[in-house]
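Coordinate analysis (summary)
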Amino acid sequence: MKKDNAVLTYEQLISLFQETDRRLADLSTEFKRAAEERDRAAAERDKKAAERDKKAAERDKKAAERLKKLEEVVGGIGNNNGYYAEEFFQNSFSANLEFAGIKFDHMIKNVGFSGKENGEFDILLVNGDTVAIIEAKYRIHSDFVEQFVNKKLKQFRRFFPMYQNHAVYLGIAGMSF
C-alpha cells in the first residue's frame, strides 16, 4: 500500500474489504453473544421475580386465611356477647312480666319475620291491649336508638298486624351504653 499517493491496488482493496467483513462478522458474533447473555440474565431475573411473586401470593393467601379465622373468632365473641345479653334479659323479663309499670300476661322470645326484609325482635311482652318490644344488646350505640324507633317499629307494625290496635312501648336493654 502506498501512503504517499493513497492509491490501492485491486488486491489491496479486496483484502481491505475482506478484513472489514471479517471484523464486522466478529462484531456481529460478539453482539449476538452479548444479546444472548442479556436475554439469559433477563430470563433469570424474570424467573426469580416470578418465584418471589409466587411466594408473595402464597404469603398473602395464608395471611388472608389467618385474617378470616381471626374475623370469625372476633365475630364469634361478639355474637356470644349478643346471645348472652339476649338470654340475660329474656330471663329477667320472664321472671317478672312487667315493663314501664305495666303488667303483661306473657312473653314471646325472638319473634322474627323474613321475606324481602328480614328481622327479629328479641322480646315481646303482651297483654290484652298493650305490647312492649324490647331489644337486647350487649352494647348500645347511639345510632341504634334512632334505627329502633324509625325502622324496627314500622317493621313491627307492618309484619305483625294482629297488634295493630295495641299500644306499643319500646325498650332497649343493654349491658353497656
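As the structure is a computational prediction, the values presented were derived from the model and not from experiment.

1. A few points about the overall build of the protein chain
When you go through the protein chain residue by residue, the secondary structure sums to two helices and six strands. Ordered by position from N to C terminus, the α and β elements of the protein chain give α-β-β-β-β-β-α-β. In terms of overall size, the protein chain is more extended than a compact globule, its C-alpha atoms giving a radius of gyration of 42 Å where 177 residues would be expected to give roughly 16 Å. Seen through its C-alpha atoms, the protein chain measures out along the principal axes to roughly 130 × 30 × 25 Å. Counting only residues that meet the buried cut, the protein chain has 23% of its 177 residues in that class. For the protein chain, contacts bridging at least 24 residues in sequence account for 55% of all contacts bridging at least 6. Just so you have it, the protein chain exposes about 13200 Å², and 54% of that area is on carbon and sulfur atoms. Looking at the protein chain, you have 30 positive and 29 negative side-chain charges, and the mean spots of the two groups are 2 Å apart.

2. Let's talk about the pattern of salt bridges
Evaluated as defined, the whole model comprises five salt bridges. Taking the shortest distance from any N to any O, the salt bridge between R22 and E19 comes out at 2.3 Å. Remark: E19 and R22 occur in helix α1 (residues 10-95); sequence separation between them is three residues, near one turn of the helix. Given the relative accessible area of 27%, E19 is considered partly exposed. Across the salt bridge formed by E135 and K152, the nearest N and O atoms sit 4.0 Å from each other. Of this pair, E135 sits in strand β5 (residues 130-139) while K152 sits in helix α2 (residues 142-159); the two residues are 17 residues apart in sequence, bridging distant segments of the chain. Beyond isolated ion pairs, a larger network of salt bridges with shared partners links E19, R22, R23 and D26.

3. Considering the packing of aromatic side chains
For the structure on display, the rule yields seven aromatic pairs. Aromatic side chains F121 and F156 sit 5.4 Å apart centroid to centroid with 85° between the ring planes, which places their arrangement in the edge-to-face category. A residue pair is termed long-range when its members are at least 10 positions apart, and F121 in strand β4 (residues 119-126) and F156 in helix α2 qualify at 35 residues. Here F121 matches F156 in class, with each residue buried. For the pair F156 and Y163, a centre-to-centre distance of 5.7 Å together with 15° between the ring planes defines the contact as stacked.

4. Considerations on the side chain of H166
Tracing the chain through its elements places H166 in the loop between α2 and β6 (167-176). Beyond its immediate stretch of four places on either side in the chain, H166 contacts N127, G128, D129, T130, V131 and R157.

5. Description of the side chain of T130
With respect to the secondary-structure elements, T130 resides in strand β5. Using a relative accessible area of 7% as the deciding quantity, one classes T130 as buried. Here D129 takes part through its side chain, which lies 3.0 Å from a polar atom of the side chain of T130. Beyond its immediate sequence surroundings of up to four residues, T130 is in contact with I102, F104, L125, H166, A167 and Y169.

6. Structural notes on the confidence of the model for the protein chain
Looking at the protein chain, pLDDT values average 86 and 93% of them are 70 or higher. Across the protein chain, strand β2 (residues 102-103) holds the top mean pLDDT of 94, while α2 sits lowest at 86.

7. So, the sheet that holds β5
Hydrogen bonds along the backbone pair up the strands of a sheet, which may run parallel or antiparallel. The four strands lie next to each other as β3-β4-β5-β6, forming an open sheet whose pairing is mixed. The sheet terminates laterally at β3 (106-113) and β6, the two strands that pair on one side only. Across the sheet, the mean angle from the axis of one strand to that of its neighbour is 30°, orientation sign disregarded. Bridge count between β5 and β6: nine bridges; the pairing is parallel. Each residue of the ladder has a partner; that of R139, found in β6, is S176. Packed on one face of the sheet, α2 meets β3, β4, β5 and β6 and runs near 140° to β6.

The rules behind the values
Every chain's residues receive numbers from 1 upward, in the order its sequence appears when written. This being a predicted model, a pLDDT of at least 70 is required before a residue's local features are given, and a value of 80 or more before pairs of side-chain atoms are given or counted; all residues contribute to the totals for chains, interfaces and linings. Derived side-chain values reflect all non-hydrogen atoms in the structure, with water molecules and hydrogen atoms excluded from consideration. Secondary structure elements are taken from DSSP: a helix is a run of H or I of four residues or more, a strand is a run of E of two residues or more, and numbering for both begins at the N terminus. Throughout, radius of gyration means the C-alpha value; the globule benchmark is 2.2 Å times the number of residues raised to the power 0.38. The cut-offs for exposure are 20% and 50% of the maximum accessible area for each residue type, with area from a 1.4 Å probe on protein chains only; residues under the lower value are buried, those over the upper are exposed, and the others partly exposed. Should any heavy atoms of two residues lie within 4.5 Å, those residues are counted as being in contact. With residues, only the protein chains shown are counted as cover, and all accessible areas are computed by Shrake-Rupley using a 1.4 Å probe. We treat Lys and Arg as the positive residues and Asp and Glu as the negative residues; His and chain ends play no part in the count. One atom stands in for each charge, and that atom is NZ of Lys, CZ of Arg, CG of Asp or CD of Glu. In what follows, salt bridge is the name for a side-chain nitrogen of Lys or Arg lying within 4 Å of a carboxyl oxygen of Asp or Glu. Each Phe, Tyr or Trp ring, with Trp reduced to its six-membered ring, pairs with another whose centre is within 6.5 Å; inter-plane angles below 30 degrees give stacked pairs, above 60 give edge-to-face pairs, and intermediate values give tilted ones. Any pair of nitrogen or oxygen atoms within 3.5 Å is treated as a polar contact; in protein, a donor-acceptor pairing is required on top of that, and neighbouring residues in sequence qualify only through side-chain atoms on both sides. pLDDT is a per-residue confidence score from the predictor, ranging from 0 to 100. Two strands pair if DSSP finds at least two bridges between them. Angles shown run from 0 to 180 degrees and are taken between the N-to-C directions of axes, each axis being a line fitted to C-alpha atoms and, for helices, limited to the stretch in contact.

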